[in-house]
Amino acid sequence: MSTRATIAVRRADRTYAAVYLHYDGYPEHTGEILMQSYQTQTAAEELVSHGDLRCLNRETGEAERFSDGDPPAKLPTNDSLIDFARNCGAQFVYVFDDGGWSYKEL
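Cut-off values and rules
- Residues numbered from 1 in each chain as written.
- Predicted model: local features only at pLDDT ≥ 70, side-chain atom pairs only at ≥ 80, totals over all residues.
- Heavy atoms only, no water.
- Helix = DSSP H or I, 4+ residues; strand = E, 2+ residues; numbered from the N terminus.
- Rg over C-alpha atoms; globule rule 2.2 N^0.38 Å.
- Buried < 20%, exposed > 50% of the residue type's maximum accessible area, 1.4 Å probe, protein only.
- Contact = heavy atoms within 4.5 Å.
- Lys, Arg positive; Asp, Glu negative; His and termini not counted.
- Charge placed at Lys NZ, Arg CZ, Asp CG, Glu CD.
- Pairing = 2+ DSSP bridges.

Summarise the overall build of the protein; cite the residues concerned and give the values.
Counting its secondary structure elements, the protein contains 3 helices and 7 strands. Starting at the N terminus and walking to the C terminus, you meet the elements of the protein as β-β-α-α-β-β-β-α-β-β. Taking 2.2 N^0.38 as the reference for a compact globule, 106 residues should give roughly 13 Å; the C-alpha atoms of the protein span a radius of gyration of 12 Å, in line with that estimate. Here the C-alpha coordinates of the protein stretch approximately 35 × 25 × 25 Å along the principal axes. A burial count over the protein gives 43% of its 106 residues as buried. Within the protein, contacts between residues separated by at least 24 positions form 54% of all contacts whose residues are at least 6 apart in sequence. Within the protein, one finds 10 positive and 17 negative side-chain charges whose respective centroids are separated by 4 Å.

Account for the pairing of strand E2 (residues 16-21), naming residues and giving values.
Of all the 6 residues making up E2, 6 are buried; the element is thus mostly covered by neighbouring parts of the structure. Judged by which residues are buried, E2 turns out to be covered on both faces: Tyr16, Ala18 and Tyr20 on one side and Ala17, Val19 and Leu21 on the other are all buried. Joining the antiparallel neighbours strand E1 (residues 5-10) and E2 is a turn of 5 residues, in which Arg14 adopts a positive phi near 75°. Where E2 meets strand E5 (residues 73-75), 3 bridges bridge the pair, whose relative direction is antiparallel. Residue pairing in the sheet places Ala17 in a bridge with Lys74 of E5.

It is worth stressing that arrangement in space is one thing and function is another; only the former is reported here.
Put into structure tokens, the structure is as follows:
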């Protein structure tokens with residue numbers, strides 16, 4: 001069974017760019033990788049800019065992507081981000097904002 005998640009970046013215009021993550025979305029995996037490998041706005045933006053993710057590799061922190069994944073969703077509010085995550089079946093939502101990662105369990 002997969003632990004789905006949404007990974008989002010809050011941009012300067014206060015909107016969100018968000019992608020779906022299919023596997024290993026729990027904090028002890030994805031949360032740790034995000035904090036170790038994607039510590040800047042630029043790195044977080046790069047991660048979500050290429051669209052949906054299959055998983056994040058524990059050893060390298062690199063993203064494994066779907067060949068037919070959707071591009072990042074552009075969302076205007078936190079409420080729309082939560083709706084997006086719920087529609088993806090996400091158990092966790094990770095957000096990069098103000099220089100760091102936070103997460104919420106749905």
